[in-house]
Amino acid sequence: MTSTAFGDLPPEAYHDAPWTRLLPWLAPYTPATAHELTDLTPSPDWWITESPAVTTMTAEHETLCRHLAQLFILRHPTATFGPSFPTVPRRLPLSTLATSSRVGTAFQRLQVQTVADLEPLTVRDLYDVRGTGHNTVEDAVTALVSAAIVRSGELDEWEDPGDDQQPLGGTRQANLPPAQLQLLEDLTQLAAWRQIRRRGDEPLLKVVIEDGAPEEIQETALRLNSLTAADMASANGSVDPVLEFTAFLSELDERQVRILRDRFLGRPPKKLAELATDFDVSRERIRQIETKVKDVLAGRFHFGTAIGNLLASLRTEIQPIAALDRLITLHPDLARDVPVVNVPFWLVLDRLDDYFEVTDGWAAAPDVAAAREQTRILLEDFATEHGLVDLSAVTAATSMPKTELVAWLSWCGYVLHNNQILTRTRSLNDHAAALLAATGEPLHIDELQLQMGRDNSIRSLSNQLGDDERFVRTDRATWGLASWQLEEYTSIRQQIGLELAAAGGEVEIGQLIESITSRFDVSPSSVQAYAGNGDYEIVQGVVRRRESPAAPRKAPSATRRLFKYDDGWWKLRVTVTRDHLRGSGFPVPSGVASLVGCAQGEVVELESELGTQTIRWTGLQPSSGTIKRFLDRLQAQEGQNVFLEFEPYGRFNVSLQDPVNPEDHPLEQAAALTGCDEGVGDPEDAQMALAVAVDLPVHAKPRQILSAYRQRGDDDIAGLLEQVWTRPRHQWVEQSPGDGSDPEDERNEYDEGDANDEMIGTGSGEQHDQVSSDIGSVSVPTGYRSVGWVRPHEAEAAVLAYQLHSDVPVHDGDKIAGWARYVDDSSGDASKFRANVMLARARSQGERIVCWIREHEAFSIVQAAADERSMSILGPDGVATGLVQYFQPGSEAAERYRSTTRLLRGHGRAG
């Protein structure tokens, strides 16, 4: 038995016993159930019909052992090594199996020395070893497979690893423990990487020693901290990567070079049929030659070659994207033309490596699609409620120059406004909300539509905003955000800016609050809130303009696609990509880092059935280690959705999302998207599950749940909820033919019955029941009586009259169409009609009274017109006193009475 675990051996060195005797766990497999085995050799059932002595004649030893090890790790993680590898001698020292010092370190930490010590252990036991990852486990099992199929020698061959075992630098260090050998290997590899990255003068290590440590120890730390890559540099000079590729081309024949140049490096690539005609062969033959050349390329320029080193360095610099021009400035070799194929070297690297792609002047690792996704995740971490991201904050969080970042964001389709990135512009309403938030003040509807640049009518935009609770109408054609508390927000922010300018840029918070609250009707808490947010910050009790933008990070409950499943359980929905399947790490939202307790600069290790899973935040944003082993176990495919499950006590798992059934109720479909794998019994159960998923109380109202999903950016779920919870508003109009009379004479005249709140009609049915009325063609709901058809602009004048305590004209365009006449409380009319304002319309023969209207009634009419819906009227004590009926513009009722709103009072209610 040799100490070499890999390498091709002569046929007589291999067992001639059947594979299933050497590796019993292969017995259950057939070609139909083990596709990963059938392509390894020409024989599709070699593990059933052959022995290793036969199979290794047509398959490489290392490739064969590694594929078998991967199968064992994936499908037999709980099988003990003893019965699984019965032909490996039990007295064999494990040091003869170790293919690397990291495997030896793992065995040392397990305190096992011979195969007999390893016999009761499993793959999961190896994963549980501190510092052991998937590659180490794969190396260990590969070595066991190799030992199982090779004939064993005499026992005395196992007593010493052998004189040919040479550690780093060629100097024998057989007496060093494996962990020390591993340390030397790791330092050497780290030094080589620093040289590739042109950082050879930077310290390799940072050792911190306690105060008061002995002088000898302090000097030791000083020496370690001064160690650089240059100190460990190899005497070998660097190789020219272009010459390295040219040398490779010289090994190919003319036909292979032509195919490489025209198919692999062509812009655009030639078709197979064209090349087949040129060489007078079949298209399949051209395809075979192309595949062979690609396979050679894939294994030729690995890390350690000049080209492999340059590729690795580029991947580090392109995180996640970089302009090709900047990379060429950093690495001039990229712009050089490659002889023979006559293309720039960057194109060779682009086509050579799956982890490197150039598109439209942008270089991405692994590709532009993944870079766009990583950019989206980064922006989501900084995004506000309306999807705004401060450009300065993102610039500070990336390594890209600002001009390059702006160009990249524009290429990705993001809109920039006032140095803010608008990340949610897919829908009309989201775009308007983001634009208003970026502008910071209300906009006229014409200006809003112009800046949005979308192909929609002003009326359509106005209707959309009116149906969305995020917006409020601040004037007849001006819109703002409801969250602003508009008048306070605008005045407070402007006043803080003026106060700071007058004080030279800084002012104490107490002085600022006193100055503003003494002149404006605002609360001290509001002033303090605005002074510590947005453009301003409070530092040690002093308010000043923020010097650097804040970098907001999301809580788990506010993070898109992250759902709470049970006490302490959370699930992140992820769409499987090619990079996940080939083992790449990937970025995760900061809400995940918050969930697992990973702060910036830290690494958190989670436990799982398949070994340690890492969440690290050592770069610009949090990231997860590879989940390939979980995806392999699930047999997941690209494009499928999986859930990363974060369980209590630091446990981790990955599960596959079941397809959503489009025939299910929308609430049940939405719940399925949050990971309710146990299903829901009915829409009511689904609603409770949807509330829990975003950390709301189980009996949260639909409006709260929908708002939470909208704010998180879970548009797919919000769309399903809107199907159920957003319904057409009720209309009260019951059309009937007119009688030819003047509609304004139909109960619009003031009468004393109104003032006395006389009952009209009888009955005590529900509020929205339609009953016949003796006062016109539009019926009045049971329990109410009509006061009059009060137009919204008349109600606006009434509200202003109450605020000013004076008469206010009613404007209809440029002319005065009437008056809101104000009388004080001492007036007999005010007592008689229980109102201070009388609405009158101007006519050629004099004013005509519409009605006496109360302040809360006028305000409700204005609000109903703005919201375009009917609305109950609440009195000062919060009790319902009436109803404002809203009729769509252009409807028969609105046209007949020249108003979209009618004021009703409840029977017997003084209001």
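By convention here, each chain's residues receive numbers from 1 onward along its written sequence. Local features in this predicted model are restricted to residues of pLDDT 70 or higher, and side-chain atom pairs are both shown and tallied only at a pLDDT of 80 or more, whereas totals for entire chains, interfaces and linings draw on every residue. Hydrogens and water molecules were not included; the side-chain quantities draw on all heavy atoms of the structure.

**Looking at the pattern of salt bridges**
Stage number 1. What counts as a salt bridge is simple: a side-chain nitrogen of Lys or Arg found within 4 Å of a carboxyl oxygen of Asp or Glu. Under the defined criterion, the tally for this structure stands at 37 salt bridges.
Stage number 2. Of the charged contacts in the structure, one is a salt bridge between Glu607 and Arg651, with a shortest N-O distance of 3.3 Å. On the criterion of sequence distance, the pair formed by Glu607 in the loop between strand S18 (603–606) and strand S19 (613–616) and Arg651 in strand S22 (residues 651–656) is long-range, its members being 44 residues apart.
Stage number 3. For every residue, the accessible area (1.4 Å probe, protein chains only) is compared with the maximum for its type, and the residue is labelled buried under 20%, exposed over 50%, or partly exposed between those bounds. We classify Arg651 as partly exposed; its relative accessible area is 28%.
Stage number 4. Asp867 is the salt-bridge partner of Arg869, the closest N and O atoms lying 3.7 Å from each other.
Stage number 5. A cluster of three or more residues bridged by salt bridges with shared partners is formed by Arg258, Arg261, Asp262 and Asp278. Only DSSP runs of H or I reaching four residues or more are called helices, and only runs of E reaching two or more are called strands; each is numbered from the N terminus.

**Some remarks on the nonpolar core**
Stage number 1. Ranked by internal contacts, the top residues of the largest apolar core, which has 47 residues, are Leu23, Leu26, Leu68, Phe81, Phe85 and Val141.
Stage number 2. Counting only elements with at least two residues in this core, the list comes to helix H1 (19–22), helix H3 (46–49), helix H5 (61–75), helix H7 (101–110), helix H8 (115–118), helix H9 (123–127) and helix H10 (134–149).
Stage number 3. The element best represented in this core is H10, accounting for 9 residues.
Stage number 4. Any pair of residues with heavy atoms lying within 4.5 Å of one another is described as a contacting pair. Ignoring sequence-local partners within four residues, the contact set of Phe81 consists of Phe72, Leu118, Glu119, Leu121, Thr122, Val123, Leu126, Val141 and Leu144.
Stage number 5. The nonpolar core is taken to be a set of buried Ala, Val, Leu, Ile, Met, Phe, Trp, Tyr and Cys residues, with the residues joined through side-chain atoms within 4.5 Å. Formed by 40 residues, the second largest nonpolar core is a distinct cluster that contains Phe245, Leu252, Leu310 and Phe345.

**A word on the sheet that holds strand S16 (residues 569–575)**
Stage number 1. A pair of strands counts as paired when DSSP detects no fewer than two bridges linking them. Within the open sheet, the 4 strands sit side by side as S15-S16-S21-S22. Their pairing is antiparallel. Since the sheet does not close on itself, it has two edges, and those belong to strand S15 (562–566) and S22, each with one partner. Each strand axis lies, on average, 30 degrees off the axis of its neighbour in the sheet, ignoring direction.
Stage number 2. As judged from the 6 bridges shared by S16 and strand S21 (residues 641–647), these two strands associate in the antiparallel manner. Under this scheme, a helix contributes an axis fitted over its contacting stretch, all axes are lines through C-alpha atoms, and angles between N-to-C directions fall in the 0 to 180 degree range.

**Some words on unusual backbone geometry**
Stage number 1. Here the phi dihedral of Asn418 falls at roughly 55 degrees; this positive angle occurs in a residue that is not glycine.
Stage number 2. A positive phi is found at Gln635, a non-glycine position, where the angle reads about 55 degrees.
Stage number 3. Take Gln635: it is sitting in the loop between helix H31 (628–634) and S21.
Stage number 4. By relative accessible area, which is 60% here, Gln635 ends up exposed.

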